[in-house]
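Single-letter residue listing:
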Amino acid sequence: MKSPTTRSEGIEAVEHQLLPSVMIEGQRSTSSMAEALEEHNVPAVSVAVIAEGRIEWAHAWGRTTADGSLANSETLFQSCSISKPVAALTTLRLVASGALDLDADVDSLLRSWHIPDNPHTAGNPVTPRWLMSHRAGFNVRGFPGYAIGSQVPTLGQILRGEPPANTDALQVETAPGTAFRYSGGGTQVLQQLLEDLSGLPYSDLAKREVLDVAEMTVSTYEPSPEAAAFGHLASGEPMEGGYGIQPELAAAGLWSTPSDLAGLAISMQRAYADDGGIIPRQLARAALTPVGDGPTGLGFFLESDGDRLRFSHNGGNTGFRCHLEAYASLGLGAAVMTNSDNGQILVNRIFNTIADTYGWPGFLTERKVVSVGQEVLDRYSGSYLLRLDEAPDGIPIKVAVGDGLLTFESPLGPGKLLAESETRFFGTQLPVEVEFHREDGQASGFTLVFGGTTTMEATRTDLQP
């Protein structure tokens, strides 16, 4: 494991030697941060790096809006779904105090709302463990947010799916504990549980139990506009009003900085090592142990094991993309936040560069590209419909052939696919893996894995009678 000899070398690598978002065997092109911000149409990015169990450096590039003030390391960005680990740690601190059991029947503890009767929960209750590991079976994957000035729902209205809530009523759709099913809705059930147990607004409880303890000094659920970066759409246009409102505080409502998020990760690293972290070592070990066969522990996604064990969470609200990742026992990690729907590719590039610069073990993977020929590519060219819980009508995807590779257009964004085999492809920009299914020599559909965690199925539509 290597480390730059100076803080400036780490910043220099990110500023002038950005690696690609996907590493391809035999290729190692780089570009500057200024070039990358322009290429990806991202106004600003902020970064904090953890080395030797402390924040090694924090730096920001770009502007809070296209013609606004320069971003700095204390500019607030929406943490998006990185709000969920804060909710999980708030819960685990109540478990540590004896106020809650990980395997308690959540519905028996709720007061303000109850989980609708459902055959899936008969004799198989929803528990805090299942909620934090996305195995409680709830619907509603994510929340689109609300425009500034519009009517914003209460937590009860969100749970019941009542106007002005813009998402469905929460209900259990698969048996709790049996399968991984990512659900921001389940995190909102957790928020209601925490409020009912404590008698406090969630924002006050999370501040007392996590933000203050982890010294997340500027993180907040109510940002002042002058301290916040404006979110930007994929077109580059700033969001009307600057950003959306996320009343779903536990799932998506935290505003923070990379330094504060890195501080949260460091507190988890200390807890894992029994060095005075945010929760007792036993709970930290449980939180960073996979639950069932899913990709999560309690509040975090997990990769690898042993000394290479990493915990992470990604985030994406309209106008913002961010990511937090750290090693449980090596004192390494980073947090990256952007103010654009285009930010994910840049986030990936920054993490690859940090991992390479600081010698993160097991992080960088070089993909091998194979030539499959024009005839094989032509089989996959066509129209598909991607199935997703929150999009009952499906998401249309157009796959075409150009310049000897596959291209696609979708609401996820445009992209290119390179071949690892005749049926398996990977994205060169978006973090997607695609496995095509063939019948009678033609593609009938494909399985898509997004970000290594979300699996979706697509069926071909242009061959159907």
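Residues numbered from 1 in each chain as written. Predicted model: local features only at pLDDT ≥ 70, side-chain atom pairs only at ≥ 80, totals over all residues. Heavy atoms only, no water.

Now for the overall build of the protein chain. Counting its regular elements, the protein chain contains 13 helices and 18 strands. For the protein chain, the proportion of its 465 residues judged to be buried stands at 55%. Counting only contacts in the protein chain whose residues sit at least 6 apart along the sequence, the fraction spanning at least 24 positions is 62%. As presented, the protein chain carries roughly 19300 Å² of accessible surface, and 47% of it is formed by carbon and sulfur atoms. (Helix = DSSP H or I, 4+ residues; strand = E, 2+ residues; numbered from the N terminus. Buried < 20%, exposed > 50% of the residue type's maximum accessible area, 1.4 Å probe, protein only. Contact = heavy atoms within 4.5 Å. Areas by Shrake-Rupley, 256 points an atom, 1.4 Å probe, with all protein chains shown as cover.)

Angle between the axes and distance between the axes: these two values describe a pair of packed helices. At a minimum axis separation of 11 Å, helix 3 (residues 83-97) and helix 7 (residues 184-198) run at an interaxial angle of 35°. The hand of the helix 3/helix 7 crossing is left-handed. Between helix 3 and helix 7, the residues in contact are Lys84, Ala87, Thr90, Thr91 and Leu94 and Gly184, Thr187, Leu190 and Leu194, respectively. Tallied by class, residues from the contact of helix 3 with helix 7 come to four nonpolar, four polar and one charged. (Axes fitted to C-alpha atoms, helices over the stretch in contact; angles between N-to-C directions. Left-handed = near helix turned anticlockwise from the far one by under 90°. Nonpolar A, V, L, I, M, F, W, Y, C, P; charged D, E, K, R; others polar.)

This structure, assessed with the given rule, holds 21 salt bridges. The partner of Arg54 in a salt bridge is Glu52, with the nearest N and O atoms 4.0 Å apart. Arg54 sits in the partly exposed class, given a relative accessible area of 43%. On the basis of relative accessibility, which here comes to 63%, the residue Glu52 falls in the exposed class. With a closest N to O distance of 2.9 Å, Glu420 and Arg367 form a salt bridge. Taken together, the residues span a long stretch of sequence, with Glu420 in the loop between strand 14 (415-419) and strand 15 (424-427) and Arg367 in strand 10 (residues 366-367) at a distance of 53 residues. On the basis of relative accessibility, which here comes to 25%, the residue Glu420 falls in the partly exposed class. The class of Arg367 is buried, set by a relative accessible area of 17%. Through salt bridges that share partners, Arg367, Glu420, Arg424, Glu433 and Glu435 make up one connected network. (Salt bridge = Lys/Arg side-chain N within 4 Å of Asp/Glu carboxyl O.)

Now for the nonpolar core. Among the nonpolar cores identified, the biggest contains 84 residues, and Phe138 and Met268 are the most heavily contacted of them. A per-element tally of this core places helix 10 (residues 258-272) first, with eight residues. Ignoring any residue separated from it by four or fewer positions in sequence, one finds Met268 in contact with Leu89, Ile278, Ile279, Ala284, Ala287, Leu288, Phe300 and Phe311. Within the second largest apolar cluster, 26 residues are counted, among which are Val49, Phe351, Tyr358 and Phe363. (Core = buried A, V, L, I, M, F, W, Y, C linked by side-chain atoms within 4.5 Å.)

What helix 8 (residues 202-211) keeps buried is the set Tyr202, Leu205, Ala206, Glu209, Val210 and Leu211. Angularly, the buried residues of helix 8 cover 160° about the axis, an arc narrow enough to put them on a single face. (Arc of directions from axis to C-beta.)

Here we take up the pairing of strand 16 (residues 432-439). Looking at chain direction, strand 15 and strand 16 are connected through three bridges and run antiparallel. Each residue of the ladder has a partner; that of Phe425, found in strand 16, is Val434. With eight bridges connecting them, strand 16 and strand 17 (residues 442-450) associate as antiparallel partners. Bridged to Phe436 within strand 17 is Phe446. Linkage of strand 16 to strand 17, two consecutive antiparallel strands, is achieved through a turn of two residues, within which Asp440 is found at a positive phi near 55°. (Pairing = 2+ DSSP bridges.)

Turning to unusual backbone geometry, a few remarks are in order. Along the chain, Pro163 connects to Pro164 via a cis peptide bond; the corresponding omega equals 10°. Relative to the elements of secondary structure, Pro164 occurs in the loop between helix 6 (155-160) and helix 7. Unlike most non-glycine residues, Glu52 shows phi in positive territory, near 55°. Along the chain, Glu52 falls in the loop between strand 2 (44-51) and strand 3 (54-62). For Val140, which is not glycine, the phi torsion reads 60° and is therefore positive. Tracing the chain through its elements places Val140 in the loop between helix 5 (128-132) and helix 6.

By the element assignment, His323 lies in strand 8 (residues 320-327). The contacts of His323, once residues within four sequence positions are left out, are Ile82, Ser312, His313, Asn314, Ala334, Ala335, Val336, Val347 and Phe351.

As a further point, take the sheet that holds strand 8. Spatially, six strands are ordered 3-2-9-8-7-6 in an open sheet, and the strand pairing comes out antiparallel. The sheet is open, and its two edges are formed by strand 3 and strand 6 (301-303), each paired on a single side. Recorded for the sheet is a direction-independent mean angle of 15° between the axes of neighbouring strands. Pairing of strand 7 (residues 310-317) with strand 8 involves eight bridges; the strand directions are antiparallel. Within the sheet, the bridge partner assigned to Ser312 lies in strand 8 and is Glu325.

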